Amino acid sequence: MIQLIKGFHDILPDDTPKWAFIVATARKVLERFGFREIITPIMERTELFERGIGQVTDIVEKEMYTFMDRGGESLSLRPEATAGILRSVVEHSLLRRDPLLKLYTIGPMFRRERPSKGRFRQFFQINAEVLGDDSPATDADMISAAHAIMTALGATNLIMEVNSVGCVMCRSDYKSKLREYFSAYLDELCPDCRRRYDTNPLRLLDCKEQKCSEIARNAPVILDSLDQPCLEHFQGVQAALDILGVPYRIEPRMVRGLDYYTRTAFEIIHGELGRTKAVGGGGRYDSLLKELGGPEVSGIGFAIGLERLAMGIPDDRRFARSVDVYVAVLGDRSRNTGLRLVRDLRSAGFSVETRYSPMSLKAQMKVADKVAAAKVIMIGDDELDRQEVTVRDMHTREQISVRLDEIVHRLQGDSQ
Ligand code: HAM
């Protein structure tokens, strides 16, 4: 047997109703906030991610599915959606038509991480971006949109962790402070972190090795390095969050794993999943669009992981399988009439299950139970002679006879 690729997963028919509910709810909320959908390819030129996400990030260094295509070009499966969306915005000059762009996309992303609970190599994201407005209220509005998606899905026990990672200037000051702090621990850091010390000291803060994270716990925080404009922006975000009533907590050591962030960064923490795995995250980026060949316009976005989201939503009755009617044909002569009845019921909008090969009534009632049919219509040769069918209500167990030419009409009346 050929098996699934490690870290990839199937979404089986019992789970797709919950999945569809999450996607439909997220779409509804995002459209309420004024977002429009964009769909970009799952594969892009590798260079896009190297420039967009940053050469010295875990994602680009270790986690991309990169290969040479037959034309000799390096391509990668997208590890996230933002870089691809921005590429598309630049390529189609979308900002020229609409200087304030609000876009969302939902689809699979690929990162070759070590699989664990809630961490996959193919996972889905609900991703939203706003381009063209750098006011603090926009940041708060985005955090509020992410929060609104979660609450519309019934998630409680939520907290939005927010921080400011400053601008290039603040970060340069912060990086020196980080180097100064970590220099005392160089021998104790993992080999990756020793490299990060030189190449990208911010990444020292989110190493997953126990020893490194213990050391990082007492590192200086970036909030102490913010310059006046960045500090004011961050205060503005907090004030707007207070007005919007979004519950948040300032998390001064959160830096996020992607290099493009400037100023506001945030993560959605869901109590059920614990602190180590965020359900979603995002932040502002001031120079990413320019970096990718576009105008000097800043943006802010977030992505919520669908698998992690689904883990926090109980499998309740809403997602159980059910059909309106099961049609049980009980005789050879009734078969064609049964077939026509199934067609007529489906045309009238009912979901209908039946079995075409001959089966006993008992076996068919088992199927009707399995598909959770609300009603069973029985049609046998005797009933056919009388031009009648028997209808059983599967909840009350009541049975009545109904004329064959009235049954569709009658069920329509019942369902109103
Ligand atoms: P991210 O924090 O890398 O941000 O990912 C966002 C969310 O995707 C995570 O919080 C998590 O729920 C989900 N996720 C990430 N990796 C995995 C994985 N291996 N398995 C399962 N779920 C995963 C971004 O991707 C940014 N592009 C978000 C953004 C948009 N920032 C600005 N705009």
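All values reported here derive from a predicted model rather than from experimental measurement. (Residues numbered from 1 in each chain as written. Predicted model: local features only at pLDDT ≥ 70, side-chain atom pairs only at ≥ 80, totals over all residues. Heavy atoms only, no water.)

*Asks:* Explain the overall build of the protein residue by residue, including any values.
*Replies:* On a plain count of helices and strands, the protein comes out with 16 helices and 16 strands. The globule rule puts the C-alpha radius of gyration for 416 residues at 22 Å, and the 28 Å found for the protein is more than 25% above it. Its C-alpha atoms put the protein at 90 × 50 × 45 Å along the principal axes. Looking at the protein as a whole, 51% of its 416 residues qualify as buried. Counting contacts in the protein only where the partners sit at least 6 residues apart, residues at least 24 apart contribute 70% of the total. Element-wise, carbon and sulfur atoms account for 50% of the exposed surface of the protein, whose accessible area totals about 20,800 Å². Within the protein, one finds 59 positive and 61 negative side-chain charges whose respective centroids are separated by 3 Å. (Helix = DSSP H or I, 4+ residues; strand = E, 2+ residues; numbered from the N terminus. Rg over C-alpha atoms; globule rule 2.2 N^0.38 Å. Buried < 20%, exposed > 50% of the residue type's maximum accessible area, 1.4 Å probe, protein only. Contact = heavy atoms within 4.5 Å. Areas by Shrake-Rupley, 256 points an atom, 1.4 Å probe, with all protein chains shown as cover. Lys, Arg positive; Asp, Glu negative; His and termini not counted. Charge placed at Lys NZ, Arg CZ, Asp CG, Glu CD.)

*Asks:* Lay out helix α4 (residues 82-91) with the relevant residues and their values.
*Replies:* Helical geometry: 3.6 residues make up each α-helical turn, so side chains three or four residues apart lie on a common side. Counting buried positions along α4 yields seven of ten residues, so the element is predominantly enclosed. Within α4 the residues assigned to the buried category are Thr 82, Ala 83, Gly 84, Ile 85, Leu 86, Ser 88 and Val 89. Directly after α4, the chain includes Ser 93, whose backbone phi takes a positive value near 45 degrees.

*Asks:* Describe in detail helix α10 (residues 228-244), supporting the description with residues and values.
*Replies:* An ideal rise of 1.5 Å per residue puts 24 Å on 17 residues; α10 measures up with 24 Å between its terminal C-alpha atoms. Within the sequence span of α10, burial applies to Cys 230, His 233, Phe 234, Val 237, Gln 238, Ala 240 and Leu 241. The arc enclosing the buried residues of α10, seen along the axis, measures out at 165 degrees, which places them on a common side. Exposed residues pointing more than 90 degrees away from the buried face of α10 are listed as Asp 242 and Ile 243. Buried residues belonging to α10 abut α6 (136-152), β7 (158-164), α7 (168-183), β8 (248-250), β9 (264-270) and β10 (280-285). Of the residues flanking the start of α10, the one acting as N-cap is Asp 227, its side-chain oxygen 3.0 Å from the backbone nitrogen of Cys 230. Just past α10, the residue Gly 245 takes up positive phi, approximately 75 degrees. (Expected span 1.5 Å × (residues − 1). Arc of directions from axis to C-beta. Polar contact = N/O pair within 3.5 Å; in protein donor to acceptor, adjacent residues only side chain to side chain.)

*Asks:* Provide a residue-level description of the pairing of strand β6 (residues 122-131), including the pertinent values.
*Replies:* For β6, a buried count of ten out of ten residues is recorded, marking the element as mostly surrounded by other parts of the structure. The two faces of β6 match: Gln 122, Phe 124, Ile 126, Ala 128 and Val 130 on one face and Phe 123, Gln 125, Asn 127, Glu 129 and Leu 131 on the other face are all buried. Sheet topology note: the strand β5 (residues 101-110)/β6 ladder contains ten bridges and is antiparallel. In the strand pairing of β6, Leu 103 is matched with Glu 129. Relative to strand β11 (residues 299-305), β6 runs antiparallel, the two being bridged by seven bridges. In the strand pairing of β11, Leu 131 is matched with Gly 299. (Pairing = 2+ DSSP bridges.)

Everything listed here is a matter of coordinates, which is why it stays silent on function.
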